[in-house]
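Spelled out from the first residue to the last, the chains are:
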Amino acid sequence: MITKKTLNLSLKSLRDFAKKRLPDQDLIDLDNRDECPVEIVRYMSNPDKLGIQLLFIPEEYGGMGGSTFDVYLICEQMARIDLGVATSLFATFLGSDPITFGATPEQKKKWLGRIAEEGILFAYGATEPDAGSDLGALKTTADRVEKDGKIVGYKISGSKQWISNGGIADVYTILANTPVGPSWFIVDKGVPGFTHDKPEDKHGIRLSNTAALALDNVYVDADRLVGGVEGQGLLQAQMVFGYTRVMVAAFGLGAGWAALDRAIPYSTKRIQAGSPLSEKQGYTHKLIVPHVARLEAARSYIEETAQRIDAGAEGSLNTEGAIAKYMATEAGDAAADASIQALGGYGYTHEYMVEKISRDVRITRIYEGTSEIMEMTISRDRWQLHLKTRGQHYHDQARELEALDLQHPGVGAGIAALAAHALAEVMEKARAARLTRYQHILLRLGELVAYTECAGSLARRAALMVEGKLNEKANDRFDATAAAALGRIFARDAALRVAEEGLRWVCGASGVSDADMAAFEAALGLHAIHRAQAGLIADMDYIADVLYSRVAKREEVPALVGA
Ligand SMILES: Cc1cc2nc3c(=O)[nH]c(=O)nc-3n(C[C@H](O)[C@H](O)[C@H](O)COP(=O)(O)OP(=O)(O)OC[C@H]3O[C@@H](n4cnc5c(N)ncnc54)[C@H](O)[C@@H]3O)c2cc1C
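An account of the accompanying structure is given in this report. Numbers given to residues run from 1 along each chain, matching the order in which its sequence is written. Given that the model is predicted, a residue must reach a pLDDT of at least 70 before its local features are reported, and side-chain atom pairs must reach 80 or more before they are shown or counted; all residues, however, enter totals for whole chains, interfaces and linings. Side-chain measures were taken over the full set of non-hydrogen atoms in the model, leaving aside hydrogen atoms and water.

1. Examining the overall build of the protein chain
We count it as follows: Numbering of helices and strands runs from the N terminus; a helix is a DSSP stretch of H or I covering at least four residues, while a strand is a stretch of E covering at least two. Radius of gyration here uses only the C-alpha atoms, and the compact-globule reference equals 2.2 Å multiplied by the residue count raised to the power 0.38. By the convention used here, residues are in contact when the closest approach between their heavy atoms is within 4.5 Å.
Counting secondary structure elements, the protein chain contains 21 helices and nine strands. Taking 563 residues into account, the globule formula puts the C-alpha radius of gyration at 24 Å, and the protein chain, at 24 Å, falls close to it. Across its three principal axes, the protein chain shows a C-alpha extent of roughly 75 × 55 × 40 Å. Residue pairs at least 24 apart in sequence account for 76% of intrachain contacts in the protein chain once pairs closer than 6 positions are excluded.

2. A word on the pattern of salt bridges
We apply this condition: We define a salt bridge as a contact between a side-chain nitrogen of Lys or Arg and a carboxyl oxygen of Asp or Glu at a distance within 4 Å.
Tallied over the full model, the rule gives 40 salt bridges. Notably, a salt bridge pairs Arg 497 with Glu 447, separated by 3.3 Å at the nearest N-O pair. Pair noted here: Arg 497 is in helix α18 (residues 480–508) and Glu 447 is in helix α17 (residues 439–467), with a separation of 50 residues, a long-range link. Three or more residues are tied together by salt bridges with common partners; here these are Arg 308, Glu 320, Asp 381, Arg 382 and Glu 453.

3. Some words on the packing of aromatic side chains
Here a ring pair, both rings aromatic, is described through the centre-centre distance and the interplanar angle of the planes. Going by this rule: Between 30 and 60 degrees the pair is tilted, below 30 it is stacked and above 60 it is edge-to-face, where a pair is any two Phe, Tyr or Trp rings, Trp via its six-membered ring, whose centres lie within 6.5 Å. Here, over-ring charges are defined by two tests on the NZ atom of lysine or the CZ atom of arginine: distance to the ring centre within 6 Å, and angle to the ring normal within 35 degrees.
Following the criterion strictly, the structure yields 13 aromatic pairs and no others. One aromatic cluster in this structure is built from Tyr 266, Tyr 346 and Tyr 352. Between Arg 245 and the ring centre of Phe 241, over which it is positioned, the NZ or CZ distance is 4.0 Å. When the ring centre of Trp 257 is taken as reference, the NZ or CZ atom of Arg 477 above it lies at 3.9 Å.

4. Structural notes on helix α4 (residues 68–81)
Filter applied, for reference: Helix span, as expected, comes to 1.5 Å for every residue beyond the first. Only protein chains enter the accessibility calculation, which uses a 1.4 Å probe; a residue is then buried when its area is under 20% of its type maximum, exposed when over 50%, and partly exposed in between.
The first and last C-alpha atoms of α4 sit 20 Å apart over 14 residues, in line with the 20 Å expected at 1.5 Å per residue. Of all 14 residues making up α4, 13 are buried, and the element is well covered by its neighbours.

5. Focus on the site of the ligand
Under the convention used in this document: Here a residue is near a molecule or strand as soon as one of its heavy atoms is found within 4 Å of it. The definition of a polar contact used here is a pair of N or O atoms within 3.5 Å, where within protein one atom must be able to donate a hydrogen and the other to accept one, and adjacent residues in sequence count solely through side-chain atom pairs. Accessible areas in this description were obtained via Shrake-Rupley with a 1.4 Å probe; residue shielding takes into account the shown protein chains only. Three residue categories are used. Nonpolar comprises Ala, Val, Leu, Ile, Met, Phe, Trp, Tyr, Cys and Pro, charged comprises Asp, Glu, Lys and Arg, and polar comprises the others, including Gly.
Residues in close proximity to the ligand total 20 residues, the closest being Tyr 124, Thr 127, Ser 133, Thr 370 and Glu 372. Between Thr 127 and the ligand, the recorded distance is 2.7 Å, taken from a side-chain N or O atom to a nitrogen atom. The contact in question runs from an oxygen atom of the ligand to an N or O atom on the side chain of Glu 372, over 2.6 Å. For the ligand, the accessible surface in isolation is 970 Å², of which the surrounding protein chains cover 67%. Within the residue set of the shell around the ligand, elements represented by two or more residues are β3 (150–164) and α14 (371–388). Classifying every residue of the shell around the ligand by side-chain character gives 10 nonpolar, seven polar and three charged.

6. Some words on α18
Its 29 residues give α18 an end-to-end C-alpha distance of 41 Å, which sits within 8% of 42 Å, the value for a rise of 1.5 Å per residue. At the N-terminal end of α18, a side-chain oxygen is found 3.2 Å from the backbone nitrogen of Thr 481, two or three residues along, and the residue is Asp 479. A positive phi of about 55° marks Ser 510, the residue just after α18.

7. Points about the side chain of Lys 473
Within the secondary structure, Lys 473 is located in the loop between α17 and α18. Of the polar contacts made by the side chain of Lys 473, one reaches the backbone oxygen of Ile 2; its length is 2.7 Å. A distance of 2.8 Å separates a polar atom in the side chain of Lys 473 from a polar atom in the side chain of Asp 70. With residues near it in sequence (within four places) discarded, Lys 473 still touches Ile 2, Thr 3, Lys 4, Leu 7, Phe 69, Asp 70 and Leu 73.

8. Side note on the pairing of strand β5 (residues 181–188)
Quick reminder of the rule: Two strands qualify as a pair provided that DSSP identifies no fewer than 2 bridges between them.
Where burial is concerned, most of β5 is hidden: seven out of the eight residues are buried. Bridge count between strand β4 (residues 171–178) and β5: eight bridges; the pairing is antiparallel. Residue Tyr 172 lies in a different strand from β5, and its bridge partner there is Val 187.

9. Describing the nonpolar core
We apply this condition: Each nonpolar core is a collection of buried residues, namely Ala, Val, Leu, Ile, Met, Phe, Trp, Tyr and Cys, held together in the definition by side-chain atoms within 4.5 Å.
Counting 169 residues, the largest nonpolar core has Phe 56, Met 78, Ile 288 and Leu 547 as the members making the most contacts within it. It is helix α8 (residues 241–269) that contributes the most residues to this core, 16 residues altogether. Contacts of Leu 547, omitting those with residues within four sequence positions, involve Trp 257, Ile 264, Ile 288, Val 289, Val 292 and Phe 478. Among the nonpolar cores identified, the runner-up in size contains 17 residues, and Ile 163, Ile 174, Ala 176 and Leu 213 belong to it.

10. Concerning unusual backbone geometry
For residues besides glycine, phi is generally negative; the peptide bonds are generally trans as well. Of note, Asp 148 is a non-glycine position whose phi angle comes to about 50°, a positive value. Of note, Asp 148 is situated in the loop between β2 (141–147) and β3. One non-glycine residue, Met 353, adopts positive backbone phi at about 75°.

11. Things to note about the pairing of β2
Summarising the sheet, β2 and β3 pair through seven bridges and their orientation is antiparallel. Bridge pairing links Asp 143 to Lys 155 in β3. The turn joining β2 and β3, which pair antiparallel and follow one another in sequence, is formed by two residues; a positive phi near 50° is taken by Asp 148.

12. Some words on the environment of Gln 407
Counting through the fold element by element, Gln 407 comes out in helix α15 (residues 393–407). The class of Gln 407 is exposed, set by a relative accessible area of 56%. Note: C-alpha distance between Gln 407 and Ala 463 (56 residues apart in sequence) is 8.7 Å.

13. Some details on the packing of helix α10 (residues 289–310) against α17
Here is the rule we go by: Only the stretch in contact is used when fitting a helix axis, every axis being a line fitted to C-alpha atoms; angles between N-to-C directions are given from 0 to 180 degrees. When describing relative orientation, an angle under 35 degrees is termed roughly parallel and one over 145 degrees roughly antiparallel, while 65 to 115 degrees is termed roughly perpendicular and anything else oblique.
Two elements in contact, α10 and α17, have axes separated by 8 Å at closest approach and are oriented at 80°. On the basis of their axis angle, the class for α10 and α17 is roughly perpendicular. Note on element contacts: α17 touches α10 through Tyr 451, Glu 453, Cys 454, Ser 457, Leu 458, Arg 460 and Arg 461, opposite Ala 293, Arg 294, Glu 296, Ala 297, Arg 299, Ser 300, Tyr 301, Glu 303 and Glu 304. Considering only residue class, the contact of α10 with α17 consists of six nonpolar, two polar and eight charged.

14. Looking at the side chain of Arg 359
Within the secondary structure layout, Arg 359 lies in helix α13 (residues 354–361). Take Arg 359: its relative accessible area is 14%, and that puts it in the buried class. In this structure the side chain of Arg 359 is engaged in a polar contact, spanning 3.1 Å, whose partner is the backbone oxygen of His 203. Ignoring sequence-local partners within four residues, the contact set of Arg 359 consists of Asp 31, His 203, Gly 204, Arg 206 and His 350.

This is how it looks when you write it as structure tokens:
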């Protein structure tokens, strides 16, 4: 187990390293040249140097056995430095995940041991030209090679597309179809028949190497089949989604904050109409504060999910990983885009970095499952819970939040409860009118679920802070008072979104008759949700003051009143 002290030391050495070896001008130059700094990636992976990958490898194989929570914090920090370099390091964790979770003990010892001791780079080869979101459509084949009736090896043929580290990895995990289904194989670079294309010319993460792979009758021994049993590949990929999506969620979070942390100081110095932009409410309350609330809601959900994975939660928390990834990457992307706006014309140039961050963070909404696939994953799972509990799943969550609100009025739990009740009503109406036959409605429900669950999570986090029980490693940028204000701001957004968007799509699919309309609006709690917006401007003023260190200058801090 990694202690808080060790973790903080690792985070600090990452920051110090970046300051020295990856200053802004170098990042801009590498981005302009579209160049992956391979020697820096190798230095960061070298166990005798930075050895970042040691954090991810279990102790029994020579690593430090970092928890999911540790990994989230490291990923956030890496993303704050550069998302391209972070992706390159992430490719090794991703590439070795089928081994960590699905390999035989001998395979784990050999390959995880080599990552820990030698710092070798991996690539994860799942996507194909015609198999992206739908991995089941993969065409790469692994034909058995038999001798005396025994399988001694496989011949792999096919193509892989968009593979991070594709041109620089030492070892590749390749998903290919055996006679009984998809399976992972471990393939060394440079073996006969195995080639990679030139690096892709990309919109962002230009410091990462992305390349297509071609496999033409590539022979591997039978011991390169991960787990030694054919047909387990998709299952092994599924097993790690909770964990890997938390990592990409942390990328969205880190990149979003990296952009805001450039916009915030900029706005204190930029004078327009006689005063700094930071003092203009129309600026801060559009371009800064809402993004902070969304990012912190995503952080809260990431932390809860990471803690549950570390506590050995049943199942692989795929849906929770999807909610964390969806919220954090959408929030990170929106925050980076708002940061360009916040810097005006300067934001649109390379020199000020926010446009690079914006191009970089865009990928997090695409890789490791697109946002639309996340919406589908979330919606399908929570729809089953809605049916199984006869419509009570989100009403139950709302009741728990109402109980929390009684204990901690003002953390946003009461408003989050309004969102959860409204979601239960929208889902029930969708069930009665059979609206999930419309794919768009199903996916919109995924979005509303994510907002509702993140609102509940942020309120719980604020309550834990009040009680002094938040995980000691958790990010402590905001104190309990600010966390509560953020909880209220985000819960208001979630409740309004669920009620109004829910109403919109139910009506849009003709799911409610004119005669039923008033009753449906009442069931959604529209009136209470509109009333709960009271206090929003005061809370946003308060968060702006916290962000700009103006809190001490105010005469009074808003009381922790719920709506
Ligand atoms: C820079 C980069 C690095 C990458 N690194 C790796 C890597 O290391 N290893 C690896 O294996 N892969 C990698 N990928 C691939 C990545 O995971 C895929 O691009 C991603 O899963 C989407 O697949 P696709 O590109 O084929 O898009 P598609 O699946 O064709 O999707 C196109 C659009 O359609 C939507 N869509 C798809 N299916 C549905 C549906 N059923 N209903 C509604 N909408 C749908 C998607 O949300 C998306 O908006 C990388 C990609 C990039 C760009």
